[in-house]
Protein chains: 2
Amino acid sequence: MTLTGALLIGAAQVPATAGTMKALNPATGELIGPEFAFGGADEVDRAVRLADEAFDSYSHTGLAERAAFLDLIAGKLEAVKDELAARTALETGLPAAQFEGEIVRSAAVFRKFATVVRQGRFLQATIDPAQPDRQPAPRLDHRLQKVALGPVVIFGAGNFPISYSVAGGDTASALAAGCPVIAKAHNAHPGAAEIQGRVIQEAVAEAGLPEGVFSLVRGAGNEIGEALVDHPLVRAVTFTGSEAGGMALYRRAQRRPDPIPVFTEMTSVNPTFVLPAALAARGAEIGANLVQRAMFNVGQACLKPAVLLAADGPGYGELRDAATAEVRKAAARTMLTPGIHDSYLRNAERLEDDGAALIGAGTAPAHAWDGQSLLYEVTGDQFLAEPALREEVFGPAILLVRLTGTDQLLEAARAFRGQLSATLHADAADRAAAQRLLPTLERRTGRIVFNAFSIPQEVSYASTHGGPFPATSDSRFTSVGMGAIERFIRPVTYQNFPDDLLPQPLREANPLRLWRLVDGELTQH
Amino acid sequence: MTLTGALLIGAAQVPATAGTMKALNPATGELIGPEFAFGGADEVDRAVRLADEAFDSYSHTGLAERAAFLDLIAGKLEAVKDELAARTALETGLPAAQFEGEIVRSAAVFRKFATVVRQGRFLQATIDPAQPDRQPAPRLDHRLQKVALGPVVIFGAGNFPISYSVAGGDTASALAAGCPVIAKAHNAHPGAAEIQGRVIQEAVAEAGLPEGVFSLVRGAGNEIGEALVDHPLVRAVTFTGSEAGGMALYRRAQRRPDPIPVFTEMTSVNPTFVLPAALAARGAEIGANLVQRAMFNVGQACLKPAVLLAADGPGYGELRDAATAEVRKAAARTMLTPGIHDSYLRNAERLEDDGAALIGAGTAPAHAWDGQSLLYEVTGDQFLAEPALREEVFGPAILLVRLTGTDQLLEAARAFRGQLSATLHADAADRAAAQRLLPTLERRTGRIVFNAFSIPQEVSYASTHGGPFPATSDSRFTSVGMGAIERFIRPVTYQNFPDDLLPQPLREANPLRLWRLVDGELTQH
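A few points on the structure. (Residues numbered from 1 in each chain as written. Chains lettered and ligands numbered in written order. Predicted model: local features only at pLDDT ≥ 70, side-chain atom pairs only at ≥ 80, totals over all residues. Heavy atoms only, no water.)

## Brief notes about the relation of the copies chain B and chain A
Laying chain B over chain A is done by rotating through 180° and shifting 0.0 Å along the axis; what remains is an RMSD of 0.0 Å. As the rotation angle and translation indicate, the two copies are arranged about a two-fold axis. Within chain B, the C-alpha atom positioned nearest to the axis of rotation is that of Gln254(B), 3.4 Å from it. The overlap is high: 100% of the interface residues of chain B also sit at the interface in chain A, so the same surface is used on both sides. (Least-squares fit on C-alpha atoms with pLDDT ≥ 70 in both. Contact = heavy atoms within 4.5 Å.)

## Comments concerning the sheet that holds strand β22 (residues 516-518) of chain A
Sheet architecture is open: 12 strands sit in the order β23(A)-β22(A)-β5(A)-β6(A)-β21(A)-β20(B)-β19(B)-β12(B)-β13(B)-β18(B)-β17(B)-β15(B), paired in mixed fashion. The open sheet has two edge strands with one neighbour each: β23 (521-523) of chain A together with β15 (357-361) of chain B. Strand-to-strand, the axes of this sheet are offset by a mean angle of 25°, without reference to chain direction. Summarising the sheet, β22(A) and β23(A) pair through 3 bridges and their orientation is antiparallel. Within the sheet, the bridge partner assigned to Leu517(A) lies in β23(A) and is Leu522(A). In the packing of helix α9 (residues 276-294) of chain B onto the sheet, contacts are made with β12 (272-274), β13 (307-311), β18 (397-403) and β19 (422-425) of chain B, and the angle to β12(B) comes to roughly 155°. (Pairing = 2+ DSSP bridges. Helix = DSSP H or I, 4+ residues; strand = E, 2+ residues; numbered from the N terminus. Axes fitted to C-alpha atoms, helices over the stretch in contact; angles between N-to-C directions.)

## Regarding the environment of Leu374(B)
Residues and elements named next belong to chain B. For Leu374, the position within the fold is in strand β17 (residues 374-379). Its relative accessible area of 10% is what places Leu374 among the buried residues. The contact partners of Leu374, leaving out residues within four places of it in the chain, are Val327, Tyr344, Ala348, Leu358, Gly360, Ala361, Pro396, Ala397 and Ile398. (Buried < 20%, exposed > 50% of the residue type's maximum accessible area, 1.4 Å probe, protein only.)

## Examining the packing of aromatic side chains
Evaluated as defined, the whole model comprises 18 aromatic pairs over all chains. With a centroid separation of 6.3 Å and an interplanar angle of 25°, the aromatic rings of Phe160(B) and Phe296(B) are classed as stacked. Of the two residues, Phe160(B) sits in the loop between β7 (152-155) and α5 (169-177) while Phe296(B) sits in the loop between α9 and β13, which places them 136 residues apart along the sequence. Here Phe160(B) falls in the buried class, since its relative accessible area comes to 9%. According to the relative accessible area criterion, Phe296(B) is partly exposed, its value standing at 31%. The rings of Phe160(A), Tyr164(A) and Phe296(A) are connected pair by pair, giving a single aromatic cluster. The ring of Tyr58(A) is capped by Arg66(A), whose NZ or CZ atom sits 5.8 Å from the centre of that ring. A cation over an aromatic ring shows up here: Arg487(A) above the ring of Phe263(A), its NZ or CZ 5.2 Å from the ring centre. (Phe/Tyr/Trp six-rings, centres within 6.5 Å; stacked < 30°, edge-to-face > 60°. Lys NZ or Arg CZ within 6 Å of the ring centre and 35° of its normal.)

Structure, rendered in structure tokens:
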């Protein structure tokens with residue numbers, strides 16, 4: 001595929017109206033062509049109007065047709081795997097092999113959502129049959145299904161240029177729901193965004209769908225994002241990124257004359273709690289493993305286990321030593337952007353200012369934007385006294401918290417804000433302490449991991465990538481896993497309808513053989 | 001029950017700290033005792049802290065225990081039926097028989113939610129079993145259930161003093177979800193609120209639950225509502241009332257450092273479309289019936305069919321005449337509060353200023369706050385030109401829109417903002433026009449009614465009482481029907497857990513015999 005740098009507005013390739021940019025190779029500092037087009041409010045308006053025009057038709061596609069479209073995208077993603085992985089590696093400084101895996105997983109996510117669409121359970125088809133003889137008044141026939149919200153804007157993440165970006169889970173779940181998508185490309189990897197966008201644009205055309213089902217826009221500053229969030233025809237927004245960025249979009253959308261749902265996935269330190277028996281038995285193993293996981297993607301992952309808490313006692317020294325040794329082995333690697341690298345340095349300094357002791361460091365940076373792995377330690381008292389120690393440092397830094405005992409561990413657990421995940425390492429003898437800790441973790445997180453690690457994240461039916469604020473802006477939803485589709489659908493009840501005017505999923509004969517809730521009981525008949 | 005006028009904070013009856021009020025009988029203008037206590041931010045803080053303390057225990061009650069608690073409330077509500085209906089009639093000027101029905105239906109709603117809790121489907125228990133041999137990496141066991149959000153604040157409605165108030169569907173669904181409730185009493189019917197509150201307070205004590213599961217507060221102005229919405233331990237808010245009131249609370253909650261979900265049900269004119277064949281065949285019947293439904297509760301219902309649209313042609317004159325005759329028969333009746341009565345007069349004047357012609361009026365008011373039934377008519381051109389004609393007039397007013405044909409009817413349908421319901425009257429010959437209209441209605445409403453009326457609302461599995469803004473603040477939810485519980489729950493994933501640490505609904509043996517999604521397939525095993 002020859003990159004053109006154009007905006008993708010419906011079926012069109014649209015040239016720049018507001019300047020251009022080049023991509024940056026952060027490993028070399030080199031700028032890479034082509035010139036990538038910036039658009040503005042006019043391009044946003046065209047993309048959103050096309051999406052709105054496409055909505056009635058696309059949202060009423062049959063389940064089989066919509067599923068086939070998602071499968072088509074999956075196949076096309078796999079077909080550009082080598083090219084997309086190579087370009088993404090160039091724009092991020094991360095290894096191409098990592099992106100080959102990410103592309104395979106993203107394609108699998110589109111296929112999984114195709115299955116979700118075929119199964120049709122997400123429609124939550126529900127039938128309360130008429131009860132003409134009910135007293136004191138008859139009941140009319142009521143049937144409910146979920147329908148798509150409307151055009152959805154997706155802000156791609158900086159740190160996962162595929163799976164949380166243009167052809168990632170947000171797009172897959174919104175398209176599965178029946179919503180047209182307007183993706184806002186992240187400027188850290190414009191070429192990767194273009195390749196993904198063109199794959200979807202091609203799939204839309206090949207499937208014979210209205211062109212407005214997908215657009216990809218790009219802009220210089222915040223204006224394009226603001227125009228997207230403000231557009232009256234946009235019905236929902238998703239965002240993955242920083243708390244500041246996410247909350248700016250969230251609050252802006254809530255100030256609209258008609259507020260719209262915004263799901264932002266923002267910040268999490270994914271605390272890991274090691275209970276005494278597990279610490280004594282496996283302290284060194286846990287310490288080394290955690291560091292390895294934390295350094296994935298140069299520590300630039302929302303699920304990085306950033307804070308490890310354990311009470312001083314048997315195994316603590318071994319954990320500390322093993323973690324330190326592992327950090328020392330870690331090579332400094334290029335971070336995603338110069339801006340992220342600079343924030344990393346500032347935030348690491350902040351940790352030291354807040355009293356964290358540096359107890360281990362990886363190899364020294366060789367290039368300008370290399371991130372050096374850093375291991376810090378604080379006492380439980382320090383940790384409880386300084387809220388800033390509980391905040392995310394985006395990059396390869398880990399904080400070890402040495403607590404006075406299980407009571408202080410519980411107190412520390414209660415001090416955290418909302419998290420995407422929390423992890424518990426516990427052996428049989430830790431059972432009572434685990435039971436005390438679990439309700440506290442449940443209130444503060446979307447996922448609790450037992451004797452394993454928060455990374456990697458599964459994408460399946462039982463996945464939650466969500467959690468109380470500030471992990472996300474709405475703990476009732478997830479952005480990863482099959483439940484992600486629920487962000488984009490709403491219930492509609494059809495009362496007293498003749499069968500032939502009902503949507504297919506609700507017709508009496510159940511032509512799609514869906515699972516439906518009939519008079520309060522699940523049935524496939 | 002002797003009314004005390006106290007605030008109900010946990011198990012305590014708390015006297016006034018910020019003045020008192022008496023109830024008003026709007027039919028006589030008489031003030032009715034006792035003195036009802038006002039509280040302030042301190043009382044809010046006590047109630048919310050108690051709710052937060054009760055949360056871990058209450059949210060982890062077994063399904064059977066929680067269901068029994070809801071059934072207990074239902075029984076206690078029925079036991080006070082006569083007393084509560086009489087007091088509510090006194091405080092509203094509406095007939096006691098109407099409230100007897102409302103109490104019976106509210107008790108039924110608590111029992112229905114008890115069934116929902118026992119069935120446990122709302123937990124959405126989901127299991128992705130471990131796949132130790134999966135390539136390239138094994139999958140760990142993942143299990144998901146929905147858990148309760150935390151303390152919920154419920155703002156009771158003014159127009160339905162029971163079913164949308166202290167012991168209404170919001171409270172029933174929040175308690176069913178496992179959330180403690182802090183109800184804010186509506187000052188239009190403080191005695192009715194106290195009776196309902198004491199019923200729930202007694203049920204909490206009898207069930208042996210922590211006292212913080214329920215509190216009832218009351219305040220003079222907006223301060224108490226603001227304190228409730230601002231309280232850091234409150235996790236969700238529901239409100240039923242005006243667009244101005246709902247949006248003030250909504251926007252306030254979104255300005256919190258940690259925004260929380262607010263479901264506001266606000267405004268809807270529930271447009272009714274009559275297609276040509278139905279109009280020709282049944283114009284008079286539709287006109288008369290619609291007026292009868294619209295006048296229920298003196299027009300003070302969120303589901304009032306306020307706007308009737310039909311193209312001029314055979315049957316239009318009959319519809320108009322029948323509606324006019326029916327309005328003329330309608331007696332002026334006391335409105336809920338002097339404030340609502342004054343707004344009604346102002347809004348009816350506004351309709352006339354906006355060009356609506358008064359074509360029928362009910363009997364003249366006999367008392368100060370009687371609402372006179374009014375029937376207006378405009379042309380389709382007027383209706384399309386003046387957005388204010390599409391806004392709610394709370395009270396017994398109806399607007400008839402005389403359109404030029406089916407094309408203008410479609411144009412008018414597209415002009416509406418979000419609605420709780422829309423109704424379509426169509427005969428066999430109207431089928432093509434109905435099919436053209438349906439996608440437009442689906443985008444704008446939570447419920448489409450066919451050849452029936454928007455009032456009454458069923459409370460069942462397939463109910464939706466929701467819809468796009470401004471009908472509600474979040475179209476993805478409903479405040480009536482079994483789906484109302486979804487506002488108050490969020491997913492949590494338990495990864496790689498030993499069986500005995502899992503919540504009961506997720507244990508391998510399925511001890512509760514729940515429907516669960518196992519490896520993508522629904523099963524009860």
